[in-house]
Amino acid sequence: MKKLLVINDLYQLKSVSDPFRIELLSLLSEHPKTGQMLADELGIPRAKIHYHLNELLKNDIIHVVKTVEKNSIIQKFYQPVAEKVVPNINLLKYTQEEKKKDKMSYHLKVKEKQLPQFRKDLRKFVKEHSTKKESDKVLDYKIQILPYEEQ
């Protein structure tokens, strides 16, 4: 299983935006399960489970990790393709202006072996520059390091 799946199209985003599918992904992340196992665990019809599994499968969010034949029935065991799913930062861009710079995103190239030290330095920087004063107007930001994928 990959560490991270970066969603690059709106169909994939739509397939993971359903709260029930997020719940299915959570259950499948524990260990691979069949549609019947999920239906039994959740107490809902298998057809409903299979509909949602097929949507996730079609959009490459989950995959079949093994098949087992039991009483002439082929059971498919599903698992997410990655531990974490995030949308590509450019996916929801709604302006066509390429010259306009995104002031909240930065493209950074770091060698994989340098990444742990970079993360450590970044944590230190964030800690040093974070404010706890409530008297000033304070905005909260979240910093994530994601692999950059050109399209």
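Note that the structure is a prediction, hence the values are computed from the model and not measured.

Attention now goes to the pattern of salt bridges. Within this structure, the stated rule accounts for four salt bridges. Taking the shortest distance from any N to any O, the salt bridge between Glu-83 and Lys-3 comes out at 3.7 Å. Here Glu-83 is found in strand β4 (residues 82–87), whereas its partner Lys-3 is found in strand β1 (residues 2–7), with 80 residues between them in sequence. Each member of the pair Glu-83 and Lys-3 is classed as exposed. In this structure, a network of salt bridges that share partners links the residues Glu-30, Lys-33 and Glu-41.

Moving on, we come to the side chain of Ser-15. Along the polypeptide, Ser-15 turns up in helix α1 (residues 10–16). Filtering out sequence-adjacent residues up to four positions away, Ser-15 remains in contact with Arg-21, Glu-55, Leu-56, Asn-59 and Ile-61.

Take a positive patch on the surface next. Positive charge collects at one region of the surface, where Arg-119, Lys-120, Arg-123 and Lys-124 lie side by side. Here Lys-120 lies in helix α5 (residues 115–129). Relative accessible area serves as the criterion here: at 53%, Lys-120 is assigned to the exposed category.

To continue, consider helix α3 (residues 35–42). Among all positions in α3, only Gly-35, Leu-38 and Ala-39 are buried. Buried residues of α3, viewed axially, fall in a sector of 100 degrees; they line one side. Once α3 ends, the next one or two residues include Gly-43, with phi positive near 70 degrees.

Relative to each other, helix α2 (residues 19–30) and α3 sit at 110 degrees, their axes nearing to 11 Å. Compared by their axis directions, α2 and α3 come out roughly perpendicular. Crossing of α2 over α3 shows right-handed handedness. The residues of α3 that touch α2, namely those facing Phe-20, Glu-23, Leu-24, Leu-27, Leu-28 and Glu-30, are Leu-38, Glu-41 and Leu-42. Split into classes, the residues belonging to the contact of α2 with α3 amount to six nonpolar, no polar and three charged.

Counting through the fold element by element, Pro-45 comes out in the loop between α3 and α4 (46–58). Put simply, Pro-45 and Gly-35 are ten residues apart on the chain and 9.7 Å apart in space, counted from C-alpha to C-alpha.

Here is what the cut-offs are and how they apply
- Residues numbered from 1 in each chain as written.
- Predicted model: local features only at pLDDT ≥ 70, side-chain atom pairs only at ≥ 80, totals over all residues.
- Heavy atoms only, no water.
- Salt bridge = Lys/Arg side-chain N within 4 Å of Asp/Glu carboxyl O.
- Helix = DSSP H or I, 4+ residues; strand = E, 2+ residues; numbered from the N terminus.
- Buried < 20%, exposed > 50% of the residue type's maximum accessible area, 1.4 Å probe, protein only.
- Contact = heavy atoms within 4.5 Å.
- Patch = residues over 30% accessible without salt bridge, like charges linked within 9 Å, V, L, I, M, F, W, Y side chains within 5 Å.
- Areas by Shrake-Rupley, 256 points an atom, 1.4 Å probe, with all protein chains shown as cover.
- Lys, Arg positive; Asp, Glu negative; His and termini not counted.
- Charge placed at Lys NZ, Arg CZ, Asp CG, Glu CD.
- Arc of directions from axis to C-beta.
- Axes fitted to C-alpha atoms, helices over the stretch in contact; angles between N-to-C directions.
- Parallel < 35°, antiparallel > 145°, perpendicular 65-115°, else oblique.
- Left-handed = near helix turned anticlockwise from the far one by under 90°.
- Nonpolar A, V, L, I, M, F, W, Y, C, P; charged D, E, K, R; others polar.

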